[in-house]
Amino acid sequence: MHDGHIIIGNWKMNLDAFASRALADELRKKLAGIRLAPNLEVVVCPSYDALASVGEALSGSALQLGAQDVFWQEKGAYTGEISASMLAALGVRLVIVGHSERRTHLHETDELVNMKVKAALSQGMTPVLCVGETYDERRIGHTELILMRQVVEGLKGITLGPDNKLVIAYEPVWVIGTGQAIDPAQAERAIQVIRQSLIDLYPPATIATQIRVIYGGSVDPGNIANYTTIPGIRGVLVGAASIHAENFIKLLASFT
Ligand code: PGA
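Parameters and conventions
- Residues numbered from 1 in each chain as written.
- Predicted model: local features only at pLDDT ≥ 70, side-chain atom pairs only at ≥ 80, totals over all residues.
- Heavy atoms only, no water.
- Helix = DSSP H or I, 4+ residues; strand = E, 2+ residues; numbered from the N terminus.
- Disulfide = S-S within 2.5 Å.
- Buried < 20%, exposed > 50% of the residue type's maximum accessible area, 1.4 Å probe, protein only.
- Contact = heavy atoms within 4.5 Å.
- Phe/Tyr/Trp six-rings, centres within 6.5 Å; stacked < 30°, edge-to-face > 60°.

1. Considering unusual backbone geometry
Its identity is not glycine, yet Lys-12 carries a phi of approximately 50°, on the positive side. Relative to the elements of secondary structure, Lys-12 occurs in the loop between β1 (6-10) and α1 (17-31).

2. Description of the state of the cysteines
Disulfides are covalent bonds that link the sulfur atoms of two cysteine residues. One pass over the structure, following the stated rule, counts 0 disulfides. You can see Cys-45 has no disulfide; the closest cysteine sulfur is in Cys-130, sitting 9.4 Å from it. Classification of Cys-130 as buried rests on a relative accessible area of 3%.

3. Things to note about the environment of Ile-233
Tracing the backbone shows Ile-233 in the loop between α10 (224-228) and β8 (235-238). Along the backbone, Ile-233 and Ile-8 are 225 residues apart, and their C-alpha atoms lie at a distance of 13 Å. Ile-233 has contacts with His-5, Ile-191, Val-213, Ile-214, Tyr-215, Tyr-227 and Thr-228, leaving out every residue within four places of it along the chain.

4. A word on the packing of aromatic side chains
Applying the stated criterion across every chain yields a total of 5 aromatic pairs. Taking 6.0 Å as the distance between ring centres and 65° as the angle between the ring planes, the aromatic pair formed by Tyr-135 and Trp-174 counts as edge-to-face. Within this pair, whereas Tyr-135 is found in helix α6 (residues 135-139), its partner Trp-174 is found in the loop between β6 (166-170) and α8 (184-199), the two being separated by 39 residues in sequence. Overall, Tyr-135 belongs to the partly exposed group, its relative accessible area being 48%. Considering the side-chain rings of Tyr-215 and Tyr-227, the 4.3 Å spacing of their centres and the 15° angle between planes classify their relative orientation as stacked. One end of the pair, Tyr-215, is in strand β7 (residues 211-216); the other, Tyr-227, is in helix α10, with 12 residues separating them in the sequence. When sorted by exposure, Tyr-215 lands in the same class as Tyr-227, which is buried. Grouped by ring-pair contacts, the aromatic residues Phe-71, Trp-72 and Tyr-78 constitute a single cluster.

Set out below in structure tokens:
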């Protein structure tokens, strides 16, 4: 059962292992000075090389450890890949899957993303399935089609066990990293489309207690409340504003 929001910091490929550790240490220190809203879940996702060290720094704190990606196979001859059980062994609780940067630069398809969602769930980790339209797709009126396709294909054949949790992050590709977040009314409309797709896939009780739909794309301390006050939005996925301790703490404080 969950009834609070979730805030996920995606550090992307911005910090090396040493800078990641320093940020984790600083967050932990700053966190001691604020009171987090009850039921607020906070996760940070460093790059793979920093997971062990950041996990150590955050151990016993209110911050959870997440990863930015996962491979779909468990073990074997897959040079360069990292499996869900390897992440779980480091204490990773949540994993971002199908981020638009990976769909674009690594050509990840809905089919691959679907296998990654399954791999994460198989280890009891929470997948954060990222969906969102590009500017061109929005311009030609395909936003809803794209969102429905990415949700339905990404979740194909996936049943949630009673302990499984799932996050769907709506991230309009054209606002990520721009500093210019989407009009909240447009976000609300997109979230409704995602929720409608979910209703076709899961019972209402499962959606209410095990699935969160969140917003991502140029969220900062000045605009976060525009999104988190929309009833269907249960949290945020944050890139740029999550790699500066002060900004990230301000985001957390906005929930109190
Ligand atoms: P941004 O990134 O907050 O820098 O726009 C969000 C994301 O890509 O998850």
